Amino acid sequence: MRTTFYRALLHLYPASFRREYGGEMVALFAMRSRQATGIMPTVVLWSGTLVEVLGNAVAAHWDILRQDLRYTVRTLARSPGFAITAILVTALGVGANTAAFSVADFVLIRPLPFPEPDRLVNLWERPPGYRMELSPPNYRDWKAMSNSFEAMGAFHGEAANLVGQGEPERVTGVAATADLLPLLGVSPALGRVFTAEEERSGADGTVVLSDGLWRRSFGGDSGVLGRRVLMDGNPRVIIGVMPGAFHFPNRSVAFWIPMPLSQQNSPERDDNWFQAVARLKRGVTLQQARAEMSVIAAQLERRYPRENEKVGALVNGLREELSTQSRLLLVALCGASVCVL
């Protein structure tokens, strides 16, 4: 039993060292083991053996590594062209592999930065052969007629000249319904988000800043709440700042403002410019939501045969918004970088 355990300990040594000296070391240990009778001699035997094996194993590995390094240096010094090529190819492979994996991890593996992201979906109108944004009337009907969603919000892109302090700045952002930011489940780092009351005509203009815009234009001042800024000449009050990790719908968005009710109540059913996001109710699957939205789309087609002719509904998880072709390109990129490496 003692000898068997000692043989296992010898696997700490390099394989070449074990082949050359392993037999002698086992025989020597067996002799010492026979001489160690009683508790104290056994304790002394194993204490000395463990210290000896661990210390000598590290020394043996270091000696082999040192020899390999010396041999490698001599070999590369004799062929500097080959050495430079090998270093460059290795560096290219490591760099490409790291970059490809970072992109793939961010897009395909890493969870979305929202609470329960699997319940978040994008909604699209689906005429034959393609998809497009929702019209305001269809958005209102989908929201009123559906039962699969805990909340639904709409938004569209917005750009403005911001005058707050320092030089004016052209920034891109989002005009959104009051439902949008709460359904994403991320609380502001400072202040609050806008409410339905602030969508009404005549309400004071408000704005929520991204962390990047807050730090860049306002120096990360925690007293920024309540400050008035001009956006395209219209006064707005800063009511909140989102966390640094929050980017929606993309990283270029610098602010969020309430979408006016006049836009939400637009009657044009064939004017498609709303992007919609919803959160599934707990217990409702994506397939169930798709089935319900297909029924609702068919009902609206019968009700509005001219504007909604052959217009279906598409429900995609936020993660699924990456197309199959893009996924294949990422996988191919990872494969190519591994081959280079």
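Since the structure is predicted, the reported quantities are computational estimates derived from the model, not experimental observations. (Residues numbered from 1 in each chain as written. Predicted model: local features only at pLDDT ≥ 70, side-chain atom pairs only at ≥ 80, totals over all residues. Heavy atoms only, no water.)

A.B. asks: Would you explain the overall build of the chain in this entry?
C.D. replies: Regarding its fold elements, the chain presents 10 helices and 10 strands. The C-alpha atoms of the chain give 33 Å as radius of gyration, which overshoots the globular expectation for 341 residues (20 Å, by more than 25%). Taken along the three principal axes of its C-alpha coordinates, the chain extends 95 × 55 × 55 Å. Counting contacts in the chain only where the partners sit at least 6 residues apart, residues at least 24 apart contribute 73% of the total. Accessible area of the chain: about 19200 Å², with a carbon and sulfur share of 60%. A gap of 10 Å separates the mean positions of the 36 positive and 32 negative side-chain charges of the chain. (Helix = DSSP H or I, 4+ residues; strand = E, 2+ residues; numbered from the N terminus. Rg over C-alpha atoms; globule rule 2.2 N^0.38 Å. Contact = heavy atoms within 4.5 Å. Areas by Shrake-Rupley, 256 points an atom, 1.4 Å probe, with all protein chains shown as cover. Lys, Arg positive; Asp, Glu negative; His and termini not counted. Charge placed at Lys NZ, Arg CZ, Asp CG, Glu CD.)

A.B. asks: For this particular structure, what's the right way to read the packing of helix H5 (residues 136-145) against helix H9 (residues 286-303)?
C.D. replies: The axes of two packed helices give the description: the angle between them and the distance between them. Close contact between H5 and H9 brings their axes to 11 Å; oriented N to C, the two are set at 130°. For the element pair H5 / H9, the angle class is oblique. Note that H5 runs across H9; the crossing there is right-handed. Taking contact as the criterion, the partners of Asn138, Asp141, Trp142 and Met145 in H5 are, on H9, Glu292, Met293, Ile296, Gln299, Leu300 and Arg303. Split into classes, the residues belonging to the contact of H5 with H9 amount to 5 nonpolar, 2 polar and 3 charged. (Axes fitted to C-alpha atoms, helices over the stretch in contact; angles between N-to-C directions. Parallel < 35°, antiparallel > 145°, perpendicular 65-115°, else oblique. Left-handed = near helix turned anticlockwise from the far one by under 90°. Nonpolar A, V, L, I, M, F, W, Y, C, P; charged D, E, K, R; others polar.)

A.B. asks: Got a minute to help me understand the pairing of strand S1 (residues 120-126) in this structure?
C.D. replies: Looking along a regular strand, one sees side chains alternate from face to face of the sheet. The element S1 is largely enclosed, with a buried count of 6 among its 7 residues. Note: S1 against strand S9 (residues 275-280), 4 bridges, orientation antiparallel. What sits directly across from asparagine 122, in S9, is valine 277. For S1 and strand S10 (residues 312-317), the ladder comprises 6 bridges, and the chain directions are antiparallel. By the bridge assignment for S10, leucine 123 is matched with valine 315. (Buried < 20%, exposed > 50% of the residue type's maximum accessible area, 1.4 Å probe, protein only. Pairing = 2+ DSSP bridges.)

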